[in-house]
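# Commentary on secondary and tertiary structure
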Amino acid sequence: MKNQWIYFVVLLSIPAIAGCQSAKDSVNNKETKMDSIDNYPVKKTDEDWKKELNAEEYRVLREKGTERPFSSEYETLWDSGTYVCKACGAELFKSNTKFDAHCGWPSFYQSIDKSAVKEIEDRSHGMTRTEVVCAKCGGHLGHVFNDGYDQPTGLRYCINGVSLGFKKKE
Ligand SMILES: [Zn+2]
């Protein structure tokens, strides 16, 4: 009887192990596109993100796209509150660090906390820039530049509005 049980358990485990293997493969494939997703606490497959995000959010957050300038409602929003990651909900920027950079994208001079975002060197499109991603899920947010001249930090976090959600201060 006991042996039968073990046989049954082993049989049940085979599809689970096979399932793990294919999930691991898709994560490995993604690394070329989304550099080392294993470093982020929120780990979801492309399929998961496709279900949770709309097409434009997926393109920007998961495929490092850029939204059209001046297309985000947040570009001209000056309400008090907190900007969060559209993908995982992590708090990323405070409204009191948002400024009008006239660049067409929501701009901030610092993140809510140094550990909230991760900065990665980006050599795509023949330029060297610093990419900003959500430290929790690895979602692409935008880039940070050293041209926030009149800001306290001298930095401009140029963020795609589509990568953000907004929690208005009550
Ligand atoms: Zn996130």
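Everything below is about the structure shown above.
Throughout what follows, the structure given in this document is the object of discussion. (Residues numbered from 1 in each chain as written. Predicted model: local features only at pLDDT ≥ 70, side-chain atom pairs only at ≥ 80, totals over all residues. Heavy atoms only, no water.)

## Considering the overall build of the chain
A tally of regular secondary structure across the chain gives three helices and nine strands. What you see in the chain, going N to C, is helices and strands ordered as α-α-α-β-β-β-β-β-β-β-β-β. Residue burial in the chain is summarised as follows: out of 170 residues, 43% are buried. For the chain, the exposed area adds up to about 10100 Å²; of that, 54% sits on carbon and sulfur atoms. (Helix = DSSP H or I, 4+ residues; strand = E, 2+ residues; numbered from the N terminus. Buried < 20%, exposed > 50% of the residue type's maximum accessible area, 1.4 Å probe, protein only. Areas by Shrake-Rupley, 256 points an atom, 1.4 Å probe, with all protein chains shown as cover.)

## Here's the deal with the nonpolar core
Y83, L92, F93, Y157 and L164 are the most contacted members of the largest nonpolar core, which has 25 residues in total. Every element with two or more residues in this core is listed here: α3 (55-63), β1 (81-85), β2 (91-94), β6 (129-134), β7 (140-145), β8 (156-159) and β9 (164-168). The contact partners of Y83, leaving out residues within four places of it in the chain, are Y74, L77, A90, E91, L92, F93, S95, K98, F108, L164, G165 and F166. (Core = buried A, V, L, I, M, F, W, Y, C linked by side-chain atoms within 4.5 Å. Contact = heavy atoms within 4.5 Å.)

## Digging into the environment of Y157
Summarising the element assignment, Y157 is placed in strand β8. Residue Y157 is classed as buried on the basis of its relative accessible area, which comes to 6%. Through-space distance from the C-alpha of Y157 to that of H143 is 6.0 Å; in sequence the pair is 14 residues apart. Within the structure, Y157 has its side chain in polar contact with the side chain of E119 (distance 2.7 Å). (Polar contact = N/O pair within 3.5 Å; in protein donor to acceptor, adjacent residues only side chain to side chain.)

## Digging into the packing of aromatic side chains
The full count for this structure, using the stated rule, is six aromatic pairs. For the pair Y74 and Y83, a centre-to-centre distance of 5.5 Å together with 85° between the ring planes defines the contact as edge-to-face. Residue classification places Y74 among the buried positions, given a relative accessible area of 11%. Under the relative-accessibility criterion, Y83 is labelled buried at 0%. (Phe/Tyr/Trp six-rings, centres within 6.5 Å; stacked < 30°, edge-to-face > 60°.)

## Observations regarding the side chain of S163
Structurally, S163 is set in the loop between β8 and β9. A polar atom in the side chain of S163 sits 3.0 Å from the backbone oxygen of H140. Discounting residues that sit within four places of it in the chain, S163 has contacts with V60, L61, V84, C85, K86, H140 and L141.

## Some words on the pairing of β2
Note: β1 against β2, three bridges, orientation antiparallel. Looking across to β2, one finds that V84 is bridged to E91. Between β1 and β2, which pair antiparallel one after the other, the connecting turn spans five residues, and G89 there sits at a positive phi close to 85°. (Pairing = 2+ DSSP bridges.)

## What to know about the sheet that holds β2
Strand order in the open sheet made by the three strands is β2-β1-β9, with antiparallel pairing throughout. Each edge of the sheet is formed by a strand with only one pairing partner; in this case those strands are β2 and β9. Between one strand and the next, the sheet's axes are offset by a mean angle of 30°, whatever the strand orientation. (Axes fitted to C-alpha atoms, helices over the stretch in contact; angles between N-to-C directions.)

## Comments concerning the pattern of salt bridges
Scanning the entire structure with this criterion turns up nine salt bridges. Linking E56 and R59 is a salt bridge whose minimum nitrogen-to-oxygen distance equals 3.0 Å. Residue E56 and its partner R59 are located together in helix α3, separated by three residues, close to a single helical turn. The partly exposed category is assigned to E56, whose relative accessible area is 31%. The partner of K168 in a salt bridge is D79, with the nearest N and O atoms 3.6 Å apart. Separated by 89 residues along the polypeptide, K168 in strand β9 and D79 in the loop between α3 and β1 bring together distant segments of the chain. You can call D79 partly exposed: its relative accessible area is 30%. (Salt bridge = Lys/Arg side-chain N within 4 Å of Asp/Glu carboxyl O.)

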